[in-house]
Amino acid sequence: MKLQLQLLIILNLLIFHSCYAQPQDSIIHQSWLNLKEMLFRKANHVKELSDLLSKSSKINKTIPEDARNFAQLFSNTINAVEKINVSSIETINIQHQQLTNILKKLLKKSLKNSKSKNWNDPAIEIHGQLEGCENRIRYASNQYNDICHKYGLSGMFFGAYRPE
């Protein structure tokens, strides 16, 4: 009787685990997909701002063109990653930092070029969208990094991460 009860408990635990518990890979993958979506948004906003600024006669065309090309390269890199691993996350981290540096130059030119601080100015609107996107990236990367930390995958962290 005691053995039957133990087997019944074990069977119930296995059923519960298989029905309700997600495998580690699935949890990390879902978190990565959320972060990936935010990174795509950022790249698209950079392309949008680049296109807008390249139409201006007051701005050297190379900065917006370089930003647009790099944003496209970044999108392609993210899109090419089928399964996240140490190598791919390292490449994406490096390119994300490079995109952020290019974006800083682009925003500096954009603000300098903007005659008015009118909130209807399309460049100012894109700036706001980029700020929101950066906040969502920070939130998604913290979630992703927390999950990686939970499963001991320190080489897979996105950006600078200091576990608590």
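Residues numbered from 1 in each chain as written. Predicted model: local features only at pLDDT ≥ 70, side-chain atom pairs only at ≥ 80, totals over all residues. Heavy atoms only, no water.

Here we look at the overall build of the protein chain
Argument step 1. Of the regular secondary structure elements, the protein chain holds five helices and zero strands.
Argument step 2. Counting from the amino terminus, helix and strand elements in the protein chain follow one another as α-α-α-α-α.
Argument step 3. Within the protein chain, buried positions represent 36% of all 164 residues.
Argument step 4. Residue pairs at least 24 apart in sequence account for 70% of intrachain contacts in the protein chain once pairs closer than 6 positions are excluded.
Argument step 5. Accessible area for the protein chain stands at about 10700 Å²; split by element, carbon and sulfur atoms hold 56% of it. (Helix = DSSP H or I, 4+ residues; strand = E, 2+ residues; numbered from the N terminus. Buried < 20%, exposed > 50% of the residue type's maximum accessible area, 1.4 Å probe, protein only. Contact = heavy atoms within 4.5 Å. Areas by Shrake-Rupley, 256 points an atom, 1.4 Å probe, with all protein chains shown as cover.)

Looking at the packing of helix α2 (residues 24–54) against helix α5 (residues 122–150)
Argument step 1. Interhelical geometry of α2 versus α5 gives an angle of 160 degrees and a closest axis separation of 9 Å. Judged by the angle between their axes, α2 and α5 are roughly antiparallel. Viewed along their axes, α2 and α5 form a crossing whose handedness is left-handed.
Argument step 2. For the contact of α2 with α5, the class distribution of residues is 18 nonpolar, seven polar and five charged. (Axes fitted to C-alpha atoms, helices over the stretch in contact; angles between N-to-C directions. Parallel < 35°, antiparallel > 145°, perpendicular 65-115°, else oblique. Left-handed = near helix turned anticlockwise from the far one by under 90°. Nonpolar A, V, L, I, M, F, W, Y, C, P; charged D, E, K, R; others polar.)

Re the nonpolar core
Argument step 1. With 35 residues, the main nonpolar core has W32, L39, I84, I92 and Y144 as its most contacted residues.
Argument step 2. Every element with two or more residues in this core is listed here: α2, α3 (62–80), α4 (86–113) and α5.
Argument step 3. Per element, the largest residue contribution to this core is 10 residues, and it comes from α2.
Argument step 4. Those residues in contact with W32, other than ones at most four positions away along the chain, are L39, I78, I84, I89, I92 and Y144. (Core = buried A, V, L, I, M, F, W, Y, C linked by side-chain atoms within 4.5 Å.)

Description of the confidence of the model for the protein chain
Argument step 1. This prediction gives the protein chain a mean pLDDT of 82; 77% of its residues lie at or above 70.
Argument step 2. When mean pLDDT is taken per element in the protein chain, α3 scores highest with 92 and helix α1 (residues 2–20) scores lowest with 62. (pLDDT = per-residue confidence, 0-100.)

Some points on the layout of surface pockets
Argument step 1. Looking at the largest pocket, its volume works out to about 180 Å³.
Argument step 2. Ranked by the residues each element gives to the lining of the largest pocket, the list is headed by α5, at six residues.
Argument step 3. For the lining of the largest pocket, the residue count by class is three nonpolar, five polar and two charged. (1 Å grid on protein atoms, 1.4 Å probe; cavity = no way out; pocket = protein on both sides within 12 Å on 5 of 7 lines; lining within 4 Å. Points joined across faces, edges and corners; volume = space filled by probe spheres on them.)

Thoughts on α3
Side chains that are three or four residues apart share a direction in an α-helix, a result of its 3.6 residues per turn.
Argument step 1. Between its terminal C-alpha atoms α3 stretches 27 Å, which fits the 27 Å expected from 19 residues at 1.5 Å a residue.
Argument step 2. Among all positions of α3, only P64, A67, F70, A71, F74, S75, T77 and I78 are buried. Looking straight down α3, one finds that the buried residues subtend no more than 160 degrees of arc, so they occupy a single side. Exposed and oriented more than 90 degrees from the buried face of α3 are N79 and A80. (Expected span 1.5 Å × (residues − 1). Arc of directions from axis to C-beta.)

A word on the side chain of K36
Argument step 1. Its location among the elements puts K36 in helix α2.
Argument step 2. No salt bridge is formed by the buried K36; the nearest opposite charge belongs to E82, separated by 9.2 Å.
Argument step 3. When sequence neighbours within four positions are dropped, the list of residues in contact with K36 reads I78 and V81. (Lys, Arg positive; Asp, Glu negative; His and termini not counted. Salt bridge = Lys/Arg side-chain N within 4 Å of Asp/Glu carboxyl O.)

Overview of the environment of G155
Argument step 1. By the secondary structure assignment, G155 is in the segment after α5.
Argument step 2. Classification of G155 as partly exposed rests on a relative accessible area of 41%.
Argument step 3. Through-space distance from the C-alpha of G155 to that of N85 is 8.6 Å; in sequence the pair is 70 residues apart.
Argument step 4. Sequence-distant contacts of G155, that is, excluding residues within four places in its chain, are made with V86 and I89.

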